[in-house]
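# Observations on chain architecture
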Amino acid sequence: MAFCLLCGCQDSTKYPTKCEESPSQTEAEVLWPGQEELSVLSDGSLAEVDLTHANDGYICARLLQETSGIKLQISKDDKKYNYDLKTTEFKPFPMNMDNGSYTIKIGNPQLDRVD
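Everything numeric here is computed off the predicted structure, so don't read it as measured data.

### Details of the sheet that holds strand β6 (residues 91-94)
- Pairing is antiparallel in the open sheet, where 4 strands are placed in the order β1-β2-β3-β6. Of all the strands in the sheet, just β1 (40-42) and β6 have a single pairing partner and so form its edges. Pairs of neighbouring strands in the sheet enclose a mean axial angle of 30°, with direction left out of account.

Spelled out as structure tokens, the structure:
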């Protein structure tokens, strides 16, 4: 028991531990979501969907005006993912069901309105 207590004590002059610096990505190597070349679908009154980055595995969507209860549904084959759409700023949503054709729906499930 005394041996364990003595082993647990170390010279405090050795702290902080020196570590090799981790390699990091440059700003040019980081993939940033952006809307520089928009490919946007819109119903003109409820929301917009940016398909620009669909090949990168995500889409962006936003409300055209502050509205509550709006859902975004991304589906492929028999799989469906539902997300709350709450903001007028573009937010990313994953397309994580492999390659192929996706269906995107936006609406208020309580009003049975889907665009």
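Picking up where we left off.
### Regarding the packing of aromatic side chains
- This structure, assessed with the given rule, holds 1 aromatic pair.
- On the basis of an interplanar angle of 55° and a centroid distance of 5.4 Å, the ring pair of Tyr83 and Phe93 is categorised as tilted. Taken together, the positions of Tyr83 in strand β5 (residues 79-84) and Phe93 in strand β6 put the pair 10 residues apart, joining distant regions of the chain. Note on accessibility: Tyr83 and Phe93 belong to one class, buried.

### So, the pairing of strand β3 (residues 58-63)
- Among the 6 residues that make up β3, 5 are buried, leaving the element largely enclosed by the rest of the structure.
- Alignment of strand β2 (residues 47-50) against β3, held across 4 bridges, turns out to be antiparallel. Among the inter-strand pairings, Val49 is bridged to a residue of β3, identified as Ala61.
- Of the strand pairs in this sheet, β3 and β6 are connected by 4 bridges, and their pairing is antiparallel. By the bridge assignment for β6, Ile59 is matched with Phe93.

### Concerning the confidence of the model for the protein
- Averaged over all residues, the pLDDT of the protein is 79; the fraction at 70 or higher stands at 75%.
- Across residues 1-8 the pLDDT falls below 50, and counting only partners more than four positions away or on other chains, this stretch makes 0 contacts in the model.

Here is what the cut-offs are and how they apply
- Residues numbered from 1 in each chain as written.
- Predicted model: local features only at pLDDT ≥ 70, side-chain atom pairs only at ≥ 80, totals over all residues.
- Heavy atoms only, no water.
- Pairing = 2+ DSSP bridges.
- Helix = DSSP H or I, 4+ residues; strand = E, 2+ residues; numbered from the N terminus.
- Axes fitted to C-alpha atoms, helices over the stretch in contact; angles between N-to-C directions.
- Phe/Tyr/Trp six-rings, centres within 6.5 Å; stacked < 30°, edge-to-face > 60°.
- Buried < 20%, exposed > 50% of the residue type's maximum accessible area, 1.4 Å probe, protein only.
- pLDDT = per-residue confidence, 0-100.
- Contact = heavy atoms within 4.5 Å.

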